[in-house]
Amino acid sequence: MKRLLSGIKPTGQLTLGNYIGALRQFVKLQDELPDTEFFIFIADLHAITTPQDKGQLRHNIKSVAAVYMACGLDPGRVNLFIQSEIPEHVMLSYVMESTAYIGEMERMTQYKDKKGRQTEGIRTSLMTYPALMAADILLYDADIVPIGDDQKQHVELTRNLAIRFNNAHGQTFVVPEPFFPKTGARIKSLTEPDKKMDKSHDNPKSYILLLDDLNAVKNKIKSAVTDSEGTIRYDVKHKPGISNLLTIYASLADLSIKDLEKRYAESSYATFKADLAEIVVDTLRPIQERYHELIKHPLLDQVLDEGAKRAKEIARIKMLKVYKRLGLGRVK
Ligand code: ATP
Ligand code: LTN
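About the thresholds
Residues numbered from 1 in each chain as written. Chains lettered and ligands numbered in written order. Predicted model: local features only at pLDDT ≥ 70, side-chain atom pairs only at ≥ 80, totals over all residues. Heavy atoms only, no water. 1 Å grid on protein atoms, 1.4 Å probe; cavity = no way out; pocket = protein on both sides within 12 Å on 5 of 7 lines; lining within 4 Å. Points joined across faces, edges and corners; volume = space filled by probe spheres on them. Nonpolar A, V, L, I, M, F, W, Y, C, P; charged D, E, K, R; others polar. Helix = DSSP H or I, 4+ residues; strand = E, 2+ residues; numbered from the N terminus. Contact = heavy atoms within 4.5 Å. Polar contact = N/O pair within 3.5 Å; in protein donor to acceptor, adjacent residues only side chain to side chain. Near = heavy atom within 4 Å. Areas by Shrake-Rupley, 256 points an atom, 1.4 Å probe, with all protein chains shown as cover. Buried < 20%, exposed > 50% of the residue type's maximum accessible area, 1.4 Å probe, protein only.

**Student:** Where do I start with empty space enclosed by the protein in this structure?
**Tutor:** Here the idea is plain: a probe the size of a water molecule rolls over the atoms and shows the empty space left. A complete count under the given rule lists one cavity of 30 Å³ or more for this structure. Considered as a void within the structure, the largest cavity measures approximately 50 Å³ in volume. Around the largest cavity, the lining residues are Gly 12, Gln 13, Leu 14, Asn 60, Ser 63, Val 64, Val 67 and Leu 211. Classifying every residue of the lining of the largest cavity gives four nonpolar, four polar and no charged.

So this is what it looks like as structure tokens:
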């Protein structure tokens, strides 16, 4: 049976970008790939590459798990678990650090971006983070890794590390394939449409949170930055704002951007934005309702316990194999 794996960091509340680029894809794939076992996890160890408040982090971990389920992940189909509950992630991460070169880590665009935004106290783990991500993937022999555009380089590095390790020590890891959504792999900020919509951004108007108040959502869409041309057409270079809104619309309504351009050929930005606001609100309303039921329900802990149990089974065996291949300890 093939395996699919992906993770999300609990570094804040999830955005519409996370939903379109990640969560929605997982839900679709769970029906499209019936013969694939799913591993979806909350990457809490990745969160501490930057400072976190302990209480907030604890809340976010459960909250992200509840959001996953509220978006339609079926606990009968998916192993949902918390990364830090499986110590093998850290064990394999160290092995990956001992497989990767420093130059490879320093070249990662996300590291360079994040380092640029912080002035002091940049943690070592911010740089070595792709080794942990490689470990997350290789531990479970994942064949398919659905991700947004920003994670492409990390999966490419994971493939290189798997190949390097296999060549040096014998066949140990499956070389994973990334999987990108057809539309919406990179939803942009509503205020700066040349940048990614990002939950760690300072300006709340730049992102839509899945749990945002629905009136606030409408206002954020109405005040989204566009341009002065007045025609609704897709042109990322000259019209990044409208192009981003078209992408959000097309993804949520399952329509093509071409169809939307035709439909709104004679319309104003205000009409287009009002329709989009309705679609976003109609998408978020049922997710929010299910979320508020789930976050208090004991089912959530049961699902996370079962997910951890299955993950542990696989991770333990893989780690024994890796240590043996490397000649560590007394494992024969
Ligand atoms: P941070 O801002 O803390 O780095 P993030 O949202 O970039 O967080 P995650 O929450 O771990 O990072 O992202 C989870 C998944 O959501 C990843 O697969 C990522 O590619 C996808 N994703 C994140 N932001 C967007 C976006 N704006 N558009 C499309 N997909 C996105
Ligand atoms: N690095 C990713 C989250 C992540 C992930 C993974 C995604 C951690 N481990 C393994 C896919 C597979 C991010 O920041 N979005």
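**Student:** Whenever I open this one, the environment of Gln 83 confuses me. Can you help?
**Tutor:** Looking at the secondary structure, you find Gln 83 in the loop between strand E3 (78-82) and helix H4 (88-97). Spatially, the C-alpha atom of Gln 83 lies 12 Å from that of Lys 309, the residues being 226 residues apart in sequence. Every residue in contact with Gln 83, bar those within four places of it in the chain, is listed here: Phe 41, Ile 42, Ala 43, Asp 44, Leu 45, His 46, His 89, Leu 132 and Asp 136. Polar side-chain contacts of Gln 83 include one of 2.9 Å to the side chain of Asp 136.

**Student:** Would you explain the site of ligand 2 in this entry?
**Tutor:** Among the 14 residues in the neighbourhood of ligand 2, the closest are listed as Lys 9, Tyr 129, Met 133, Asp 136 and Gln 151. Within the side chain of Asp 136, one N or O atom sits 2.7 Å away from a nitrogen atom of ligand 2. Taking Gln 151, its side chain carries an N or O atom lying 3.1 Å from a nitrogen atom of ligand 2. Look at ligand 2: alone it shows 370 Å² of surface, and the protein chains cover 92% of it. Those elements giving two or more residues to the shell around ligand 2 turn out to be strand E1 (2-8) and helix H7 (124-138).

**Student:** It is not clear to me how the site of ligand 1 should be interpreted in this structure. Could you clarify?
**Tutor:** Around ligand 1 there are 21 residues in total, and Lys 114, Asp 150, Lys 196, Asp 198 and Lys 199 lie nearest to it. Interatomic distance of 3.3 Å between a backbone N/O atom of Gly 17 and a nitrogen atom of ligand 1. Between a nitrogen atom of ligand 1 and a main-chain N or O atom of Met 197, the distance comes to 3.0 Å. Taken by itself ligand 1 offers 610 Å² of open surface, and the protein chains cover 97% of this. Here the shell around ligand 1 gets four residues from one element, more than from any other, and that element is helix H1 (residues 16-32).

**Student:** What's the story with unusual backbone geometry in this structure? I'm lost.
**Tutor:** Trans is the prevailing form of peptide bonds, just as negative phi is the prevailing case for residues other than glycine. Positive phi outside glycine occurs at Asp 141, with the angle close to 50°. By secondary structure assignment, the location of Asp 141 is in the loop between H7 and strand E4 (144-146). Residues other than glycine seldom take positive phi values, yet Asp 254 does so here, at roughly 55°. Within the fold, Asp 254 resides in the loop between helix H10 (240-253) and helix H11 (257-263). The class of Asp 254 is exposed, set by a relative accessible area of 52%.

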